[in-house]
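Inside the fold
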Amino acid sequence: MPQPAFTVTFLGTGTSGGVPLVGCSCYVCQSENPKDKRLRSSIMIETATTRIVVDATPDFRQQMLLHEVKKLNALVLTHPHKDHIGGIDDTRPFQYLQKSPTLVYGSAYSIEGVKREIPYAFTANPYPGVPQIELHTIDQDPFQIGDLTIQPVWVWHHKMPVQGFRIGAFTYITDANRIDPYELKKIEGSHTLVLNALRKQAHISHFTLQQAIDLSQSLKMPQTYFTHISHQLGLHSEINAELPHNIALAYDGLKLHF
């Protein structure tokens, strides 16, 4: 699928509690390295004319301010967990600035999650000032936002279906611990893969660091970045030094160009 030139910005690379974790005094949470400070996982994808954000985390407002975002074409959701949709109410300034609803794309499961998250936006007679949201359900087929063509990639987060997304040579997958063979074929041929790698110890619904490395290598990815990182994984500098040459930890503010 041909794509225009685009940039990917990591708005957050942390797990559900972020890093540092509230109340934690571990050496990772106490690190002064900015790359060990992780907001909840989200990315922004921009072309010359289109800007989308994948997942509206509880840190959405802070992320938009940090990156001085003044226009948003759409939100695309991976799944309806709180750390991925908790910031949807904070899209309201864009609705005011752009004089139009915020377009939100997600699976039927994610769309139902949005309705539960901000039910006051979907009542018959909504209160003035509630978010103006236009919902779009996506499934298996590629869909278009502006000049971006987006291919959903279905993965498993324990027993929950989650959508990753491929745009041209770039594939983004978060909150997964299993990918079916048919969906793996959608990833093949990507140049850059982003994959969740929560920690080194086994977890019921996330890839471990080694599982993520193994998957990247089995797919022969030229470049892989890990995201959705817990404070339990370790310091950015130490873990990065252990990784193969074409695999690295992502960090908040990292930009990739395609």
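Computed from a predicted structure; not experimentally measured.

**Considering empty space enclosed by the protein**
- Tallied over the full model, the rule gives 2 cavities of 30 Å³ or more.
- There is about 60 Å³ of room inside the largest cavity.
- For the lining of the largest cavity, the secondary-structure elements that each account for two or more residues are strand 2 (42–46), strand 3 (51–54), strand 9 (160–167) and strand 10 (170–172).
- At 3 residues, the largest contribution of residues to the lining of the largest cavity is made by strand 9.
- Around the second largest cavity, the lining residues are Leu72, Asn73, Phe94, Gln95, Gln98, Ser100, Pro101, Thr102 and Leu103.
- Counting residues per element, the ones that place at least two in the lining of the second largest cavity are helix 3 (92–98) and strand 5 (102–106).
- In terms of residue count, the dominant contributor to the lining of the second largest cavity is helix 3 (3 residues).
- Here the lining of the second largest cavity is composed, by residue class, of 4 nonpolar, 5 polar and no charged.

**Some remarks on the packing of aromatic side chains**
- Applying the stated criterion across every chain yields a total of 6 aromatic pairs.
- Each ring, one from Phe60 and one from Phe94, has its centre 6.3 Å from the other, and the planes form 75 degrees; the classification is edge-to-face. Placement of the pair is Phe60 in helix 1 (residues 60–66) and Phe94 in helix 3, with a sequence separation of 34 residues.
- Among the residues examined, Phe94 registers a relative accessible area of 6% and is labelled buried.
- Pairing Phe143 with Phe165 gives two aromatic rings, centres 6.3 Å apart and planes at 80 degrees, and the pair type is edge-to-face.

**Some words on the pairing of strand 3**
- Here strand 2 pairs with strand 3 via 4 bridges, running antiparallel. Across the sheet, the residue bridging to Ile45 is Ile52, located in strand 3.
- In this structure, the hairpin formed by strand 2 and strand 3 is closed by a connection of 4 residues.
- Note that strand 3 and strand 4 (residues 74–76) share 3 bridges and pair parallel. Bridged to Val54 within strand 4 is Val76.

Criteria and cut-off values
- Residues numbered from 1 in each chain as written.
- Predicted model: local features only at pLDDT ≥ 70, side-chain atom pairs only at ≥ 80, totals over all residues.
- Heavy atoms only, no water.
- 1 Å grid on protein atoms, 1.4 Å probe; cavity = no way out; pocket = protein on both sides within 12 Å on 5 of 7 lines; lining within 4 Å.
- Points joined across faces, edges and corners; volume = space filled by probe spheres on them.
- Helix = DSSP H or I, 4+ residues; strand = E, 2+ residues; numbered from the N terminus.
- Nonpolar A, V, L, I, M, F, W, Y, C, P; charged D, E, K, R; others polar.
- Phe/Tyr/Trp six-rings, centres within 6.5 Å; stacked < 30°, edge-to-face > 60°.
- Buried < 20%, exposed > 50% of the residue type's maximum accessible area, 1.4 Å probe, protein only.
- Pairing = 2+ DSSP bridges.

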